[in-house]
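# Examining the three-dimensional arrangement
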Amino acid sequence: MNQKQFMQLVNPFQDKLFRMAKRLLVSTEEAEDATQEVLVKLWNKNESLDEYKSIEAVAMTMTKNYCLDQLKSKRASNMKIVHNNFTDREASLQRKLEDRDTWNWVEKIMNDLPEQQKLIVQMRDIEEMEFVEISKILDMNESAIRTALSRARKTIRETMTKTHHYGIG
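Residues numbered from 1 in each chain as written. Predicted model: local features only at pLDDT ≥ 70, side-chain atom pairs only at ≥ 80, totals over all residues. Heavy atoms only, no water.

## What to know about the overall build of the chain
To keep it simple, the criterion reads: A run of H or I in DSSP becomes a helix once it reaches four residues, and a run of E becomes a strand once it reaches two; helices and strands are each numbered from the N terminus. Each residue is placed in one exposure class: buried if its accessible area under a 1.4 Å probe, protein chains only, is under 20% of its type's maximum, exposed if it is over 50%, and partly exposed if it falls in between. Using a 1.4 Å probe, the Shrake-Rupley method yields the accessible areas, and only the shown protein chains count as cover for residues.
Of regular secondary structure, the chain possesses 7 helices and 0 strands. Counting every position in the chain, which comprises 169 residues, the buried fraction comes to 41%. Summed over its atoms, the accessible surface of the chain is roughly 10,500 Å², and 45% of this surface lies on carbon and sulfur atoms.

Right, here's the structure in full:
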């Protein structure tokens, strides 16, 4: 496979790799480095890529593992969710401020979730990945993923309800 073919193959999911890396590493520069590292590793494997059913799933797994290794080596623990399309472009300024405030609360709550739940919420709710893809990437069965996602959503929902009804607490 030549470079052009390789780029056509990875182009559709390259942004997903970056968003996952950014989600885990927070730093844009580190996320760009991680994405580049994964693409180089994929390029080096390009002769054997045909063996995989989903190259995207392989790339996402590689990205996750690379980022977690980076975090372990730095002992960093502050993870941040990135989602740039949260507010409606046509919404009023008041609505945009409310959306931003709500999103900031969700981010804070997510930072308190266990790492596995953070990853599952990121992949399912932000990246809109299918359960089967998440299952391959995290090496978990789909029912365990559904359970973890349900628990994470419940935690987020309950904490948001307490915050909005009782103030910051």
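## Some thoughts on the packing of aromatic side chains
The condition is simple: Only rings of Phe, Tyr and Trp enter the pairing, Trp through its six-membered ring, and a pair is recorded when the two centres are within 6.5 Å. The plane angle decides the type: under 30 degrees is stacked, over 60 is edge-to-face, the rest tilted. Charges are assigned to positions over rings by a cutoff of 6 Å between ring centre and Lys NZ or Arg CZ, combined with an angular limit of 35 degrees from the ring normal.
By the definition in use, this model includes 0 aromatic pairs. The side chain of Lys 108 reaches across the aromatic face of Trp 105, ending 4.9 Å from its centre. Taking NZ or CZ as reference, Arg 146 lies 3.9 Å from the ring centre of Phe 131, over its face.

## Some remarks on the nonpolar core
Going by this rule: Only buried residues count toward a nonpolar core. Its members are Ala, Val, Leu, Ile, Met, Phe, Trp, Tyr and Cys residues joined through side-chain atoms within 4.5 Å. Any pair of residues with heavy atoms lying within 4.5 Å of one another is described as a contacting pair.
Core analysis: the largest hydrophobic core is formed by 47 residues, its most contacted members being Leu 42, Ile 120, Met 123 and Leu 138. Where this core is concerned, the elements lending two or more residues are helix H1 (3-25), helix H2 (28-44), helix H3 (55-74), helix H4 (93-111), helix H5 (115-126), helix H6 (131-138) and helix H7 (142-166). Per-element accounting of this core gives the leading share, 10 residues, to H3. If sequence neighbours within four positions are ignored, Met 123 has contacts with Met 20, Glu 128, Met 129, Ile 134, Ile 137 and Leu 138.

## A few points about the side chain of Gln 117
Along the chain, Gln 117 turns up in helix H5. Assessed through its relative accessible area of 13%, Gln 117 is described here as buried. Excluding residues within four positions of it along the chain, Gln 117 makes contact with Ala 148, Arg 151 and Ala 152.

## Section: the pattern of salt bridges
Filter applied, for reference: Salt bridges are defined as contacts in which a side-chain nitrogen from Lys or Arg sits within 4 Å of a carboxyl oxygen from Asp or Glu.
Summed over all chains, the structure comprises 6 salt bridges. For Glu 127, the salt bridge is made with Arg 19, and the minimal N-O distance between the two is 2.8 Å. Highlighted residues: Glu 127 in the loop between H5 and H6 and Arg 19 in helix H1, separated in sequence by 108 residues. Residue classification places Glu 127 among the buried positions, given a relative accessible area of 6%. Across the pair Arg 146 and Glu 142 runs a salt bridge, and its minimum N-O distance is 3.8 Å. Taken together, the residues span about one helical turn, with Arg 146 and Glu 142 both in helix H7 at a distance of 4 residues. Arg 146 gets classed as partly exposed once you look at its relative accessible area, which sits at 44%.

## Things to note about H1
Rule in force here: Here, expected helix span is obtained from the residue count minus one, scaled by 1.5 Å. Given a residue, its bend is the angle between the two axes fitted to the seven residues that end at it and to the seven that start from it.
When the terminal C-alpha atoms of H1 are compared, their 28 Å separation across 23 residues is substantially less than the 33 Å that a helix rising 1.5 Å per residue should span. If you look at H1, its biggest bend is around 55°, right at Asn 11, and the proline Pro 12 turns up within four residues after that. Listed as buried for H1 are Phe 6, Val 10, Phe 13, Lys 16, Leu 17, Met 20, Ala 21, Lys 22, Arg 23, Leu 24 and Leu 25.

## Here's the deal with the confidence of the model for the chain
Keep this limit in mind: The predictor attaches a confidence to each residue, and that confidence, scored 0 to 100, is pLDDT.
Scored by pLDDT, the chain comes out at a mean of 80, with 85% of its residues at no less than 70. Here residues 76-88 scores under 50 on pLDDT; set against residues more than four positions off or in separate chains, the count is 32 contacts.

## Here's the deal with the environment of Met 110
For Met 110, the location among the structural elements is in helix H4. Sequence separation between Met 110 and Ala 152 is 42 residues; the distance between their C-alpha atoms is 8.1 Å.

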